[in-house]
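# Analysis of the macromolecular model
Spelled out, the chains give:
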Amino acid sequence: MRHFSIFISSIAMSAIIFTTDLPQDACVSCHFEIDQDKDVDERSLTNILDDIHIQKGLGCSDCHGGNPEAFDDEDEAMWDVDSFLGTIERVDQPQVCGVCHSDPIYMRQYSAHIKTDQVGQYWTSQHGVSLKEGNQNVAVCTDCHSVHGIFPVNDPRSSVYALNVPETCNHCHGDSEVMEGSGLSNDQYDKYRISVHGVALLDDMDISAPACNDCHGNHGAIPPSVFSISDICGSCHVNNKDLFKDSHLSDIFLNADLNQCEGCHNYHDILTPTDEDLLWNDKDNCVECHQEIEDVANKMGVKFNNIITELKSKIDLANEKVASAENMGMEVSDLFFDLEEAHKILIQTRTSIHSFNLEHVSETASSGYKSADAAILGAEKAMEEFDFRKTGLLIFSIILTMFAILLYLKIKSLEKNK
Amino acid sequence: MSKQNRKKFLDIILGAGATAWFASILYPISKYLIPPDIADANVTSIEVGPEIEFKRGSSKIVRFGRKPVIIIRRKNGDLKAFAATCTHLDCNVQFKNETEQIWCACHNGFYDLEGKNISGPPPRPLAKYIVRVARGIIVISSEDMA
Amino acid sequence: MSLYNWLNERIALESMTKFAKKKQVPVFYGTVWYYLGGVSLFLFIIQVVTGILLILYYQPGATTAFESVKFIVSKVEFGWLMREVHSWSANLFILFIFLHMFTVYFAKAYRKPRELTWYSGIFLLALAMFFGFSGYLLPWNELAFFATKVGSDIAGAIPVVGDFLLRLLRAGDEVSGATLTRFYGIHVAILPAVFTVLLGIHLALVQSQGMSVPPEQEHLAEDKRKYMPFFPNFALRDLLFWLIILNVIALLAVFFPWELGTKADPLASAPAGIRPEWYFMFMFQTLKLIPAHVLFIEGELFGILMFAMGGIIWFLVPVLDKKANQNIRSKLWKWIGIMLVIYIIVMTVWGYMV
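Residues numbered from 1 in each chain as written. Chains lettered and ligands numbered in written order. Predicted model: local features only at pLDDT ≥ 70, side-chain atom pairs only at ≥ 80, totals over all residues. Heavy atoms only, no water.

A count of helices and strands for chain C gives 15 helices and 4 strands. Here the C-alpha atoms of chain C give a radius of gyration of 23 Å, agreeing with the 20 Å that 2.2 N^0.38 yields for 354 residues. Along the first, second and third principal axes, the C-alpha atoms of chain C reach 70 × 60 × 35 Å. A separation threshold of at least 6 residues defines the contact pool for chain C, and within that pool the share at least 24 residues apart is 78%. Accessible surface computed for chain C: about 17,900 Å², of which carbon and sulfur atoms make up 73%. Looking at charge distribution, chain C has the averaged site of its 28 positive side-chain charges lying 10 Å from that of its 22 negative ones. (Helix = DSSP H or I, 4+ residues; strand = E, 2+ residues; numbered from the N terminus. Rg over C-alpha atoms; globule rule 2.2 N^0.38 Å. Contact = heavy atoms within 4.5 Å. Areas by Shrake-Rupley, 256 points an atom, 1.4 Å probe, with all protein chains shown as cover. Lys, Arg positive; Asp, Glu negative; His and termini not counted. Charge placed at Lys NZ, Arg CZ, Asp CG, Glu CD.)

Residue and element names in this part refer to chain A. One pass over the full model with this rule turns up 29 salt bridges over all chains. Between glutamate 385 and arginine 389 there is a salt bridge; the shortest N-O distance is 3.2 Å. Here the residue glutamate 385 and the residue arginine 389 both occupy positions in helix 24 (residues 358-417), the gap between them amounting to 4 residues, near one helical turn. The partly exposed category is assigned to glutamate 385, whose relative accessible area is 28%. (Salt bridge = Lys/Arg side-chain N within 4 Å of Asp/Glu carboxyl O. Buried < 20%, exposed > 50% of the residue type's maximum accessible area, 1.4 Å probe, protein only.)

All names here are of chain C. Contact geometry for helix 3 (residues 34-55) and helix 11 (residues 230-255): axes closest at 10 Å, N-to-C directions at 55°. Classified by the angle between their axes, helix 3 and helix 11 sit oblique to one another. The way helix 3 lies across helix 11 gives a crossing that is right-handed. Contact with helix 3, carried on its side by Tyr34, Tyr35, Gly38, Val39, Phe42, Leu43 and Ile46, involves Phe234, Arg237, Asp238, Phe241, Trp242, Ile245, Leu246 and Ile249 of helix 11 and no other residues of that element. When the residues that make up the contact of helix 3 with helix 11 are grouped by side-chain class, the tally is 12 nonpolar, 1 polar and 2 charged. (Axes fitted to C-alpha atoms, helices over the stretch in contact; angles between N-to-C directions. Parallel < 35°, antiparallel > 145°, perpendicular 65-115°, else oblique. Left-handed = near helix turned anticlockwise from the far one by under 90°. Nonpolar A, V, L, I, M, F, W, Y, C, P; charged D, E, K, R; others polar.)

Residue and element names in this part refer to chain A. Split by domain assignment, chain A resolves into domain 1 (224-271) and domain 2 (294-417). Placing the centre of domain 1 and that of domain 2 at their C-alpha centroids yields a distance of 40 Å. At the interface, 8 residues of domain 1 touch 6 residues of domain 2. Summing the contributions of domain 1 and of domain 2, the shared interface buries around 610 Å²; its carbon and sulfur component is 72%. A per-residue breakdown of the area domain 1 buries against domain 2 is headed by Asn240, Leu243 and His248, which together make up 59% of the total. Here domain 1 is connected to domain 2 by 0 salt bridges. If you look at where domain 1 meets domain 2, you find 0 residue pairs in polar contact (both at pLDDT 80 or more). Take the side of domain 1 that touches domain 2: its biggest share by element is 4 residues, from helix 18 (residues 238-246). Looking at the side of domain 1 that touches domain 2, its residues break down into 3 nonpolar, 5 polar and no charged. (Domains from an automatic or database assignment. Buried area = accessible area lost by both parts, 1.4 Å probe. Polar contact = N/O pair within 3.5 Å; in protein donor to acceptor, adjacent residues only side chain to side chain.)

With that out of the way, let us pick up the interface of chain B and chain A. With 28 residues of chain B at the contact, the number on the chain A side is 25 residues. Surface buried jointly by chain B and chain A totals about 2,300 Å² across both partners, of which 63% is contributed by carbon and sulfur atoms. When residues of chain B are sorted by the area they lose upon contact with chain A, Leu14, Arg63 and Arg66 of chain B head the list and together hold 28% of the total. Among the salt bridges present, the one from aspartate 338 of chain A reaches arginine 63 of chain B, with a minimum N-O distance of 3.5 Å. On the surface where chain B and chain A come into contact, there are 6 residue pairs in polar contact (both at pLDDT 80 or more). Of all elements in the fold, only helix 1 (3-33) and strand 3 (67-73) of chain B reach the threshold of two or more residues within the side of chain B that touches chain A. Per-element accounting of the side of chain B that touches chain A gives the leading share, 12 residues, to helix 1 of chain B. Split into classes, the residues belonging to the side of chain B that touches chain A amount to 13 nonpolar, 8 polar and 7 charged.

Residues and elements named next belong to chain B. For lysine 80, the location among the structural elements is in strand 4 (residues 79-83). The exposure class of lysine 80 is buried, given its relative accessible area of 17%. A distance of 3.0 Å separates a polar atom in the side chain of lysine 80 from a polar atom in the side chain of glutamate 114.

Our next topic: unusual backbone geometry. Residue and element names in this part refer to chain C. For the bond from lysine 112 to proline 113, the omega torsion is 10°, close enough to zero to count as cis. Inspection of the secondary structure puts proline 113 in the loop between helix 5 (79-106) and helix 6 (115-137). Proline 232 follows phenylalanine 231 through a cis peptide bond whose omega is 0°. Within the fold, proline 232 resides in helix 11.

Attention now goes to the state of the cysteines. Residue and element names in this part refer to chain B. Counted according to the given criterion, the structure contains 1 disulfide over all chains. Note on cysteine connectivity: cysteine 91 is disulfide-linked to cysteine 106, with sulfurs 2.0 Å apart. Between cysteine 91 and cysteine 106, the disulfide has an S-S torsion of -95° and is therefore left-handed. Of the two residues, cysteine 91 is situated in the loop between strand 4 and strand 5 (94-96) and cysteine 106 in the loop between strand 6 (101-104) and strand 7 (109-111); the sequence distance between them amounts to 15 residues. Classification of cysteine 91 by relative accessible area gives buried; the value is 13%. (Disulfide = S-S within 2.5 Å.)

All names here are of chain C. A cluster of nonpolar side chains, Leu289, Trp335, Met339, Ile342, Ile345, Val346, Val349, Trp350, Met353 and Val354, forms an exposed patch at the surface whose accessible area comes to about 1,000 Å². The element best represented in the nonpolar patch is helix 15 (residues 331-353), accounting for 8 residues. Its place among the elements puts valine 349 in helix 15. The class for valine 349 is partly exposed, based on a relative accessible area of 44%. (Patch = residues over 30% accessible without salt bridge, like charges linked within 9 Å, V, L, I, M, F, W, Y side chains within 5 Å.)

As a further point, take helix 7 (residues 93-101) of chain A. Gln93, Pro94, Val96 and Gly98 of chain A are the residues of helix 7 of chain A that are buried. Buried residues along helix 7 of chain A sit in contact with helix 5 (61-64), helix 9 (118-124), helix 10 (126-132) and helix 11 (141-145) of chain A.

All right, on to the pairing of strand 2 (residues 58-64) of chain B then. All names here are of chain B. Both strand 2 and strand 3 contribute to a ladder of 7 bridges, which runs antiparallel. Within strand 3, the position partnered with valine 62 by the bridge is valine 69. Linking two consecutive strands that pair antiparallel, namely strand 2 and strand 3, is a turn of 2 residues; a positive phi of about 65° is found at glycine 65 within it. (Pairing = 2+ DSSP bridges.)

With that settled, consider a negative patch on the surface. The grouping of Asp72, Asp73, Glu74, Asp75, Glu76, Asp80 and Asp82 of chain A at the surface amounts to a negative patch. Note on placement: glutamate 74 of chain A falls in helix 6 (residues 74-79).

Okay, helix 15 of chain C next. Along an α-helix, residues three or four apart share an orientation, since each turn contains 3.6 residues. Residues and elements named next belong to chain C. Over its 23 residues, helix 15 runs 33 Å from end to end, which matches the ideal 33 Å to within 8%, given 1.5 Å per residue. For helix 15, the complete set of buried residues consists of Trp333, Gly337, Ile344, Met347, Thr348 and Gly351. Where the residues of helix 15 are buried, they touch helix 5, helix 12 (278-289), helix 13 (299-315) and helix 14 (317-320). The backbone nitrogen of leucine 332 has a side-chain oxygen 3.4 Å away, supplied by the residue at the start of helix 15, namely serine 330. (Expected span 1.5 Å × (residues − 1).)

This is how it looks when you write it as structure tokens:
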């Protein structure tokens, strides 16, 4: 009778079971029968068929324990089996996942370069440390990777795919109830979203732009400290880091326990810096510390701004002249090389400010002046050429008009003779 | 002036006018026929300079038409050339002699000496240029002409 | 004078000048129309001269065409002038052929015995338009590339032979470097050869039959009709017209240069505002307006068939307009002509407005 009922329910069951990779073992046949009146979502089984573990041939018992061969007997299948875990407690997750994921020999069969340090890393993270201290209100494996629909990190459907990471972290970190008592705010996502990185990642879909994990680490998630922040930012912004490290400000920041990059650029809401930030105004970051020695900082920032403004206005002038030469129909496409070069140097000059060395900044800018001047010169030459054309046209028209008048007179005289 | 003379005079200056007109057309045409200094229409190849002056383990960025091109001389003497504009944003790349890699300082992007993007944000490889040495002079040319 | 004698003994110069001097040009309100054909001829001469000069530096081919045109306009002295004059003169060429055709039409100059002049003229117009179409692609810029794509697509819509024609025109299934080479050959070798022969026939017919006058003039008594000698009176006036046209072209070349634009990229998506050249605009606009299906056939095909029919009727006007041969103006054909002019103008303006 029991066999028969399994048979019937199997037919009645959602067709996915038969048509898919789900192992046809005791777990599946019973649990789909028991739970058949619940819908798939409720059983947190969304995407289970595409789950990387199922795809690789693992079954329920590989995580939850039990005997998948025991079709007839509940006790034989679960309760009497020593390895049976059932629902895995949050506290236990790192160990359970780590059984495989921390075993280099086991994991090697799936990929030669697969990492196995995730659990070890996890215990160093703030999440792991708190979990060890008995705080259950922290992220464990499934909070980031989801439960039964786990995808590899480079699968766009994955909750830890670069574009999805900010949303995934924000699931907890943006929830004031979850974060209560942690001493953390819950506005990181909102700040990140408007930052230069957030815009690049989430609006421009540039997956090379940093998501949360690129600064905080993947499994060893921790906020960067005073000592590491310039290295973390510097892993992409190399020039800025090197210039700053060599500058006189570097030690001063360290000694004063100031976060180097963050001191001026903030964190999370790292906005695109503007040249006006260098001016001595309310927005100026220098003001925070340099209140007493106003004059020095004043000079420095304003001088940087002057250099950049001059380069910018030269580039603007060059753009304008090249555009107007182009509008006259002159072939000036070669000048765009110089314009692009000047623009590159403008960016370099902005970067060079991190040296806080006036000489270095003005030296960098000077080659930009050269490129811009070359473009201006070329455009002016093109405009001179246009004037030459106009003069030529004038001479040609005069000759032509005179010839035409003479011809007209000749015709008149011919007709008079007649 | 008699009527006859006036007619003759008109014919003469008419002839002069025709000659001037003809000359004003011939002038640009004859100028046009003289080939310009740069003999070829295409920037499909440029001379970079003598090979002996180009030190091993160094690089330089040269102008190739509208685009900058980085030419690299490896430690072993091999010559390589690539488009110098990083494929991520628009910074110019540089050659790192120690690791023999091409590096973009703006966001720490790396390319190998085949131009392939190997780490950092660059989404695509650098376009390759062909380098040849003809009579001791380094010449680079664009690949689509090969 | 001795050179004249020397030549005269060899090529009968005297009889030629005698012929030119004896040739009479009727003088009446429509004499000015007679200049239009001459101006078209002059523009053709400009095209030949500047075209030959451009060949000296132009390099056909997908990787060289654009670069060589850029080289001509930026590096070769007066190269810009040659290109601008060639482009402007090409446009005026077609404009003047159109004007010439319509004045001939309304003056009924196609009537017996000048049917052959009309036929050859229509062929010359078709060739000139094909000249324009093939030359447009040669700079290998984005606009030209896509205009050629669209233009040759229309050829592909012709039933039965469409696919074959399309491949023949494009030298393959797509517009490519091979198309460019083919268009270059058509533009500088095939068309000039055919055009010159036809033009020779056209001019020989005009010379041997003399100028036509409208029926009303022919009805006048001989003593009421006025003439001037073709040479030198009319020829000098011709020259005067040509001078003015040349100056206008020079003016346009300096102040309204044709942009070279960006190089064609076959993989790029079509830029906005792809338009054919203005003399194809009325047809292009019509094809756009025709609904997708007309009487069980595709709209585009319907349009092409209508244009083909219209073209054949227009071509056969000397046969169809029976009254003209009796020196009577037919009201029907006058109105057909007027409607056609209005249609072309309205469609062209409409095409540029949207």
